[in-house]
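# Structure at a glance
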Amino acid sequence: MLLRRAHNLVCYWRDGSFVIQNYLAGPEVSLAPVAAEILAAFSEWASVDDVTASFPDSDPDSFRAAAGELHKYGFLVSAEDGDRDAELAETWQTWSPEATALHFSSKDADYTESAEVNEDFRAGRRTALFKNYPDADRILLPRSPIDLDASFVRTLYQRRTHRSFKQVDLPLPTLSGLLSMVFGPSEFLDGQDFGALMKRTSASGGARQELEAYVGVFAVDSIAPGLYHYNCLEHSLELLDAEFTREQAAHLSFDQAAVGEAAITVFVTAVVERMSSKYRAPRAYRVMLMNAGHLGQTFALTATALGLGPFQTLAFRDSELEDALGVDGIRETALYVLAAGLPDGRGEPHYTAGLAAFQKAELYPSKEQRR
Ligand SMILES: Cc1cc2nc3c(=O)[nH]c(=O)nc-3n(C[C@H](O)[C@H](O)[C@H](O)COP(=O)(O)O)c2cc1C
């Protein structure tokens, strides 16, 4: 029988033990580090006897037994084992191993509350829900409600990603309304063991509200440009860096013009412990990404309803952005970059051109192209 090293393996040390996991096939297994050397010899399909012969210093019987164990755990695969292994490598391509390891090793896991976690919360060991900069100069934002003359359906269809903006100031109530509607509390609740919790207009797994908003203000009536933290409880902007520029914001987003031209940019981070203190399984990472997506969509729809053009990107220089925000990237990590400004019209969709392109396009792959 021919064996090959599974494509979807990760090896690391956990609590001092060397562990290997085939994240498609099963849990991590603690092994002697020499297992990695044996696995390295099975890069291509090979028989155990051939590989055994290439380790003349090893006892052949124990070598064969070790190879058998590696096969049993799914670290070596045979043709008969089915080809899910190759299929995943082919389909997810360069996402492997980082995203695939996370995605597949956290699949099917129950990440909901445990008694132990509840006990921590009940005993008052709770992660702070709000972040503030008590010593920062702050601008208390107006709480006057904004008048939205926009129907829900119209807003949904009008939402478009905008990439160029008029160079005019946004009225202060527009920024203030946008921030409070997207990032501010819409309600508070008694989370029992989990303490007082906040709700927002977007759904958030476990109402953990691990997401923070930092605002690069570039063109807003009566607010000095700079980088601020949005204190959602107080509804204020806490000044972090008065020197923060459009150019810096654009650089942080790999020089995307939209970020450089927008009136404001919102950097969304996650305070990881707010989520990980309750949900201890890695699957909760995915909840965090979903939560950021929800806030992004609410941001885009609210901006649209306010007559603004929204933009969103995941193309940003994580480490530099985290430095600029003054967060460590581990306890608090950057997740999403949002921006908005008054659209200049150039980013509007061109329906006619779009339809013509669609008519010319090959809508279905030919038989030869089909896989
Ligand atoms: C998570 C995410 C990341 C995106 N990143 C970028 C980006 O880096 N640059 C960009 O120009 N557009 C980006 N977009 C915008 C998409 O290209 C855009 O949504 C898509 O073309 C559809 O157009 P629409 O938003 O106007 O419907 C991103 C959108 C999402 C949801």
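Residues numbered from 1 in each chain as written. Predicted model: local features only at pLDDT ≥ 70, side-chain atom pairs only at ≥ 80, totals over all residues. Heavy atoms only, no water.

### Examining the domain arrangement of the protein
According to the domain assignment, the protein contains domain 1 (2–105) and domain 2 (120–341). A C-alpha centroid distance of 43 Å is found between domain 1 and domain 2. (Domains from an automatic or database assignment.)

### Focus: the environment of Ala213
By secondary structure assignment, the location of Ala213 is in strand β10 (residues 211–217). Accessibility expressed as a relative area gives 4% for Ala213, which makes it buried. The residues touching Ala213, leaving out its near neighbours within four places in the chain, are Phe183, His229, Tyr230, Val266 and Phe267. (Helix = DSSP H or I, 4+ residues; strand = E, 2+ residues; numbered from the N terminus. Buried < 20%, exposed > 50% of the residue type's maximum accessible area, 1.4 Å probe, protein only. Contact = heavy atoms within 4.5 Å.)

### As for the sheet that holds strand β6 (residues 76–78)
The three strands are arranged β5-β1-β6 in an open sheet whose pairing can be described as antiparallel. The outermost strands of the open sheet, each flanked by one partner alone, are β5 (46–47) and β6. Pairing of strand β1 (residues 2–5) with β5, which is carried by two bridges, proceeds in the antiparallel orientation. Opposite Leu3, over in β5, you have Ala46 as the bridge partner. In the packing of helix α3 (residues 60–72) onto the sheet, contacts are made with β1 and β6, and the angle to β6 comes to roughly 80°. (Pairing = 2+ DSSP bridges. Axes fitted to C-alpha atoms, helices over the stretch in contact; angles between N-to-C directions.)

### Remarks on helix α5 (residues 98–105)
Among the residues of α5, those classed as buried are Thr100, Ala101 and Phe104. All buried residues of α5 project into a common sector of 100° when viewed along the axis, lining one side. Where α5 is buried, its residues contact β2 (9–14) and α4 (84–92). (Arc of directions from axis to C-beta.)

### What to know about a nonpolar patch on the surface
A grouping of Phe152, Val153, Leu156 and Tyr157 is seen on the molecular surface, where their side chains present a nonpolar patch of about 480 Å² in accessible area. With respect to the helices and strands, Tyr157 occurs in helix α7 (residues 152–158). (Patch = residues over 30% accessible without salt bridge, like charges linked within 9 Å, V, L, I, M, F, W, Y side chains within 5 Å. Areas by Shrake-Rupley, 256 points an atom, 1.4 Å probe, with all protein chains shown as cover. Salt bridge = Lys/Arg side-chain N within 4 Å of Asp/Glu carboxyl O.)

### Concerning unusual backbone geometry
Following Ser96, the chain continues into Pro97 via a peptide bond in cis, with omega recorded as 5°. Inspection of the secondary structure puts Pro97 in the loop between α4 and α5. Of note, the phi angle at Gln93 is positive, near 45°, even though the residue is not glycine. Locating Gln93 in the fold gives a position in the loop between α4 and α5. In this structure, Phe254 is a non-glycine residue whose phi angle is positive, near 55°.

### Brief notes about the site of the ligand
The full set of residues close to the ligand is Arg159, Arg160, Thr161, Arg163, Gln256, Phe311, Gln312, Thr313, Leu314, Ala315 and Tyr336. Between an oxygen atom of the ligand and a side-chain N or O atom of Arg159, the distance comes to 2.8 Å. In the model, a nitrogen atom of the ligand is placed 2.8 Å from a nitrogen or oxygen of the Gln256 side chain. Burial of the ligand by the surrounding chains reaches 56%, relative to a free accessible area of 620 Å². It is strand β14 (residues 309–313) that provides the largest number of residues to the shell around the ligand, a total of three residues. (Near = heavy atom within 4 Å. Polar contact = N/O pair within 3.5 Å; in protein donor to acceptor, adjacent residues only side chain to side chain.)

### Here's the deal with helix α13 (residues 318–325)
Leu321, Glu322 and Leu325 are the residues of α13 that are buried. Projected down its long axis, α13 shows its buried positions confined to an angular sector of 100°, all on one face. Counted as exposed and oriented over 90 degrees from the buried face of α13: Ser319 and Asp323. Residues of α13 that are buried make contact with β10, β11 (226–231), β12 (236–241), α9 (246–252), β13 (264–271) and β15 (332–341). Phi for Gly326, located one or two positions after α13, is positive at around 75°.

### Some points on the UniProt feature "domain: Nitroreductase" (unreviewed entry) in the protein
Mapped onto this numbering, the UniProt entry gives "domain: Nitroreductase" (unreviewed entry) at residues 157–341. Taken end to end, residues 157–341 has its terminal C-alpha atoms 18 Å apart, with 33% of it in helix and 27% in strand. (UniProt positions renumbered as here; feature names shortened; annotations may be inferred.)

### Comments concerning the sheet that holds β13
Reading across the sheet, the seven strands line up as β7-β12-β11-β10-β13-β15-β14 and stay open at both edges, with antiparallel pairing between neighbours. Both edges of this open sheet fall to β7 (138–140) and β14, since each of them pairs with a single strand only. For this sheet, the mean inter-axis angle between neighbouring strands, taken without regard to orientation, is 25°. Taken together, the seven bridges between β10 and β13 define a ladder with antiparallel strand orientation. Counterpart to Val215 in the pairing with β13 is Val266. Here helix α8 (residues 172–183) sits on the sheet in contact with β10, β11, β12, β13 and β15, set at roughly 25° to β13. Along the sheet, helix α12 (residues 284–305) makes contact with β10, β13, β14 and β15, crossing β15 at roughly 15°.

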